[in-house]
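Secondary and tertiary structure notes
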Amino acid sequence: MSLRAKAEEWMRQLEARRPLLPLAPEGPADRAIDEAIGKLQAEAGGDPDALAVVSGLLLWNGNLDRSHTISQGIENPTGSYWHGIMHRMEGDYWNSKYWFRRVGRHPAMSRLHDAARDLLASFRPGAGAPEADRLIGKLATAGEWDPFRFVDAVEAQVQGRGSDDARALLEELQHLEMSVLLNYCLERV
């Protein structure tokens, strides 16, 4: 079975997993899956596109450290994208934004914006809503995916300045973000 076929199988499992990965995971959600995904790294060799797939799968399973080790060695916008997500998930928000500045306008961002449109449109923060809720409202009206505003919304939520509804939506958006970016990566291997 090819690396791509194996990765697609792991992706299907990660997409279907509930509950969703929290905004700030404390480690791999499933150690057995983590070990199996980690074995794909040897198959990826030095191919940056294949390594991006492995990095993304590890991150989606909550293994920030292993994903980070791989993504920091991928010197292209996709590697920087995974690197930025990883730093956001670990709570290093300033560093996350640094990596998103290195990404620029990634093609996956327009796909993510389209995929997230309905989710964002259904969220209506009320008057006096907490900070994370208001930031989600701004993300919904931005006209394009704004990774910096998303980082700000996650930071506010993790620091207790958001509603339960905002937390659920941000986790759904994070799940969608990883799905969209991983699909983008899989198209290249």
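Before any of the text, the structure's been laid out above.
A brief look at the structure comes next. Predicted model, so just to flag it, every value in this text is computed and none were measured.

Turning next to the pattern of salt bridges. Across all of its chains, the model carries 12 salt bridges by this definition. Glu 144 is the partner of Arg 105 in a salt bridge, and the nearest nitrogen-oxygen pair spans 4.0 Å. Of this pair, Arg 105 sits in the loop between α7 (93-103) and α8 (107-121) while Glu 144 sits in the loop between α9 (131-140) and α10 (147-158), and the two are 39 residues apart along the sequence. Two residues, Asp 114 and Arg 117, come together in a salt bridge whose shortest N-O distance is 3.0 Å.

So, about the nonpolar core. Note that soluble globular proteins tend to have their nonpolar side chains buried in a common cluster. Counting 59 residues, the largest nonpolar core has Leu 57, Tyr 81, Trp 82 and Trp 145 as the members making the most contacts within it. Looking at which element gives the most residues to this core, the answer is helix α11 (residues 164-186), with 12 residues. Those residues within four positions of Trp 145 in sequence are excluded, and the remaining contacts are Tyr 81, Arg 105, Met 109, Leu 112, His 113, Ala 116, Leu 120, Leu 139, Phe 150 and Glu 177.

Here we take up the environment of Ala 16. Mapped onto the fold, Ala 16 is located in helix α1 (residues 3-16). Look at Ala 16 and you get exposed, because its relative accessible area is 56%. For the pair Ala 16 and Asp 146, spaced 130 residues apart in sequence, the C-alpha separation works out to 26 Å.

Thresholds applied
Residues numbered from 1 in each chain as written. Predicted model: local features only at pLDDT ≥ 70, side-chain atom pairs only at ≥ 80, totals over all residues. Heavy atoms only, no water. Salt bridge = Lys/Arg side-chain N within 4 Å of Asp/Glu carboxyl O. Helix = DSSP H or I, 4+ residues; strand = E, 2+ residues; numbered from the N terminus. Core = buried A, V, L, I, M, F, W, Y, C linked by side-chain atoms within 4.5 Å. Buried < 20%, exposed > 50% of the residue type's maximum accessible area, 1.4 Å probe, protein only. Contact = heavy atoms within 4.5 Å.

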